[in-house]
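# Structural description and commentary
Here's the letter readout for the chains.
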There are 2 protein chains.
Amino acid sequence: MALWVGYMAAILGTICWIPQAVQVWRARETKALSLPAQALFLATVTLWLIYGVMIGDWPLILANVVAVTMVGAIVLAKLKFG
Amino acid sequence: MALWVGYMAAILGTICWIPQAVQVWRARETKALSLPAQALFLATVTLWLIYGVMIGDWPLILANVVAVTMVGAIVLAKLKFG
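The present account deals with the structure reproduced in this document. Being a predicted model, the structure only gives us computed values, none of them experimental. Residue numbers restart at each chain and count upward from 1, following the sequence in its written direction. Chain A is the first chain written and ligand 1 is the first ligand written, with later ones labelled in order. Reporting in this predicted model follows two pLDDT cut-offs: at least 70 for local features of residues, and 80 or more for side-chain atom pairs to be given and counted; totals over whole chains, interfaces and linings ignore these cut-offs and use all residues. Water and hydrogen atoms were dropped before computing side-chain values, which therefore reflect all heavy atoms in the structure.

## Overview of the packing of helix α3 (residues 35-55) of chain A against helix α2 (residues 17-27) of chain B
Selection criterion: In this analysis an axis means a line fitted to C-alpha atoms, helices contributing only their contacting stretch, and an angle means the value between N-to-C directions, from 0 to 180 degrees. Numbering goes from the N terminus for both helices and strands, where a helix is a DSSP run of H or I of at least four residues and a strand is a run of E of at least two. Between 65 and 115 degrees an angle is taken as roughly perpendicular, under 35 as roughly parallel, over 145 as roughly antiparallel, and anywhere else as oblique. The crossing is said to be left-handed when, going from far helix to near helix, the turn is anticlockwise and less than a right angle, and right-handed when the turn is clockwise. Contact definition: two residues touch when any of their heavy atoms are within 4.5 Å. Polar here means any residue other than Ala, Val, Leu, Ile, Met, Phe, Trp, Tyr, Cys and Pro, which are nonpolar, and Asp, Glu, Lys and Arg, which are charged; Gly is therefore polar.
Contact pair α3 of chain A / α2 of chain B: the axes reach a minimum separation of 7 Å and the direction vectors enclose 160°. The pairing of α3 of chain A with α2 of chain B is recorded here as roughly antiparallel in orientation. Viewed along their axes, α3 of chain A and α2 of chain B form a crossing whose handedness is left-handed. For the pair α3 of chain A and α2 of chain B, contact is made by Pro36, Ala37, Gln38, Leu40 and Phe41 of chain A and by Trp17, Pro19 and Gln20 of chain B, respectively. Residue classes in the contact of α3 of chain A with α2 of chain B are distributed as 6 nonpolar, 2 polar and no charged.

## Remarks on the environment of glycine 6 of chain A
How we decide: Each residue is assigned to one of three classes by its accessible area relative to the maximum for its type, calculated with a 1.4 Å probe on protein chains only: buried under 20%, partly exposed between the two thresholds, exposed over 50%.
One can find glycine 6 of chain A in helix α1 (residues 2-15). A relative accessible area of 8% places glycine 6 of chain A in the buried class. Dropping the residues within four chain positions of it, glycine 6 of chain A is found in contact with Trp48 and Tyr51 of chain B.

## With respect to the side chain of asparagine 64 of chain B
Residues and elements named next belong to chain B. For asparagine 64, the location among the structural elements is in helix α4 (residues 58-81). Here asparagine 64 falls in the buried class, since its relative accessible area comes to 8%. Each residue touching asparagine 64, except ones within four places of it in the same chain, is listed here: Val45, Trp48 and Leu49.

## Details of the packing of aromatic side chains
Basically, it comes down to this: Two aromatic rings, drawn from Phe, Tyr or Trp (for Trp, its six-membered ring), form a pair once their centres lie within 6.5 Å of each other, and the interplanar angle then sorts them: stacked below 30 degrees, edge-to-face above 60, tilted otherwise.
For the structure shown, the criterion picks out 10 aromatic pairs over all chains. Ring centres 6.2 Å apart and planes at 65° place the aromatic pair tryptophan 4 of chain B and tyrosine 7 of chain B in the edge-to-face group. Of this pair, tryptophan 4 of chain B and tyrosine 7 of chain B both sit in helix α1 (residues 2-15), 3 residues apart, which is roughly one turn of that helix. A relative accessible area of 41% means that tyrosine 7 of chain B is categorised as partly exposed. Taken together, the ring pairs connect Trp17 and Phe41 of chain A together with Trp17 and Phe41 of chain B into an aromatic cluster.

Everything listed here is a matter of coordinates, which is why it stays silent on function.
Here it is, written out as structure tokens:
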């Protein structure tokens, strides 16, 4: 049972970045987003990706490749739209 | 070495919510935040907390108690300020 809760958390933790990435690029508006927070998110998911590669854990690698792409898009939007 | 990368990711993944929570309550402005995304973040950190409790993992429990509190504050701000 615990394993399923963990898998659900990992899946949600990956797709949760998508609506925010879509919204900032659609609305081209990022004033309320904290750049330090977004930079920390990007550092976090990048570290999880490196960790996944180091321990050869495919779910961690796949989840965080998606997360790095999405958070990267959000950081780009914040830098572009201010 | 991998363990340190994992611990760094876990620590960053906890504190990364704090600047965003502080900003939305200070600026009282949340237009750019996606409510579906914030709801998914809240669900994610809540599931990681439940998972941590189920497997008795204190770092996971502590990290996600902080995250649930911060993301909860962000969701409240989004509901309040629109």
